[in-house]
Amino acid sequence: MDSFELNKIAGAVFFTLLVYLGVQNLGDILFHIESADANAYIVEGLEVDDVSALKASAEPEVDILALLQTASVDKGAKVAKKCVSCHAFEKGGANKIGPALWGIVNRDVASVDGFGYSGTLNEMAGDWDYNALNGFLENPKKYAAGTKMAFAGLRKPQDRAAIIAYLNAQGDTPTDFTAGYTPPAAEPESVPAEEPAAETQIEEIPASQDESQDEPVAEATEDMFSDLVADTPSE
Ligand code: HEC
């Protein structure tokens, strides 16, 4: 009887130990999965965002011709509402506070008859090609210090591309910006490479969680317990 009770106590102690270890392992498994999960998300997301943000701020130069390939004249018509208080866009439109702009693209700077330009624009050489318009419309006072055009500028490159496309359409001989345009050598390799890697990591984690959580712990408990039961009658 005594040894049988001792066995029962020993069995209880072992079983408690077993459950304790099982719970500890389970805790380890859960803990590892959670930390891996968090790292996979946070580190990758931050890296990608930070790098692209840095690149954008380090490249003030805008390839306006590239944007012109997809610029919408309709959007340009909306942007043009910022100009209509001073400019007429239609054919035969009159000079207002600013000169009439029909056919302005590729026309000589300051060449509208009867408009009193500032000295700055009168002295400026060249014509209004898409690069000149891009620079002037981004920040008129910076591009042409002393200009009479009291306009803050269009800070968004897409807005400038749209208005240039619209200005181009408002003329007798619109330029085809897509003719002879060759896109710069693309560098898309890094982007597709990152996405599958992130997906694989996410898929693997739940799979290993399912396997390790239930089976090993449950099996171990049964084995040890059956050993205890088998030992009892022999002693
Ligand atoms: C507040 C009035 C005002 C607004 C708004 C304005 N402009 Fe002007 N713009 C002028 C004046 C004035 C001039 C002449 C500048 C000079 O002589 O220095 C001018 C000149 C220009 C020229 C040069 C024309 C030439 O014949 O050389 C272009 C191009 C132009 N504006 C485009 C635009 C566009 C596009 C917008 C809207 C996004 C706009 N402007 C908004 C007043 C304005």
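Located above this text is the structure these notes cover.
All figures in this text were calculated on a predicted structure; none of them were measured in a lab. (Residues numbered from 1 in each chain as written. Predicted model: local features only at pLDDT ≥ 70, side-chain atom pairs only at ≥ 80, totals over all residues.)

**A word on the overall build of the protein chain**
Then, in step 1: A tally of helices and strands in the protein chain yields eight helices and zero strands.
Then, in step 2: Helices and strands in the protein chain line up, N terminus first, as α-α-α-α-α-α-α-α.
Then, in step 3: Taking all 235 residues of the protein chain together, 14% fall into the buried category.
Then, in step 4: If you take every contact in the protein chain between residues at least 6 apart in sequence, the share linking residues at least 24 apart comes to 62%. (Helix = DSSP H or I, 4+ residues; strand = E, 2+ residues; numbered from the N terminus. Buried ≥ 20, exposed ≤ 12 C-beta atoms within 10 Å, placed from the backbone. Contact = placed C-beta atoms within 7 Å.)

**Observations regarding the site of the ligand**
Then, in step 1: Close to the ligand lie 27 residues, the nearest being Cys83, Cys86, Gly98, Ser118 and Met149.
Then, in step 2: In the shell around the ligand, the residues fall into 18 nonpolar, seven polar and two charged. (Near = placed C-beta within 6 Å. Nonpolar A, V, L, I, M, F, W, Y, C, P; charged D, E, K, R; others polar.)

**Some points on helix H7 (residues 157-169)**
Then, in step 1: Spanning 13 residues, H7 covers 18 Å between terminal C-alpha atoms, matching the ideal 18 Å at 1.5 Å per step.
Then, in step 2: For H7, the buried fraction is high: 10 of the 13 residues fall into the buried class.
Then, in step 3: Those residues of H7 lying buried are Asp159, Arg160, Ala161, Ala162, Ile163, Ile164, Ala165, Tyr166, Leu167 and Asn168.
Then, in step 4: Residues of H7 that are buried sit in contact with helix H2 (64-68), helix H3 (73-79) and helix H5 (130-138). (Expected span 1.5 Å × (residues − 1).)

**Quick notes on the packing of H5 against H7**
Then, in step 1: Between H5 and H7, whose axes approach to 10 Å, the crossing angle comes to 125°. Between H5 and H7, the angle is such that the two are oblique. Seen along the crossing, H5 lies across H7 with a hand that is right-handed. Residues Tyr130, Leu133, Asn134, Leu137 and Glu138 of H5 form the contact with H7, whose own contacting residues are Arg160, Ile163, Ile164 and Leu167.
Then, in step 2: Among the residues forming the contact of H5 with H7, the class breakdown is six nonpolar, one polar and two charged. (Axes fitted to C-alpha atoms, helices over the stretch in contact; angles between N-to-C directions. Parallel < 35°, antiparallel > 145°, perpendicular 65-115°, else oblique. Left-handed = near helix turned anticlockwise from the far one by under 90°.)

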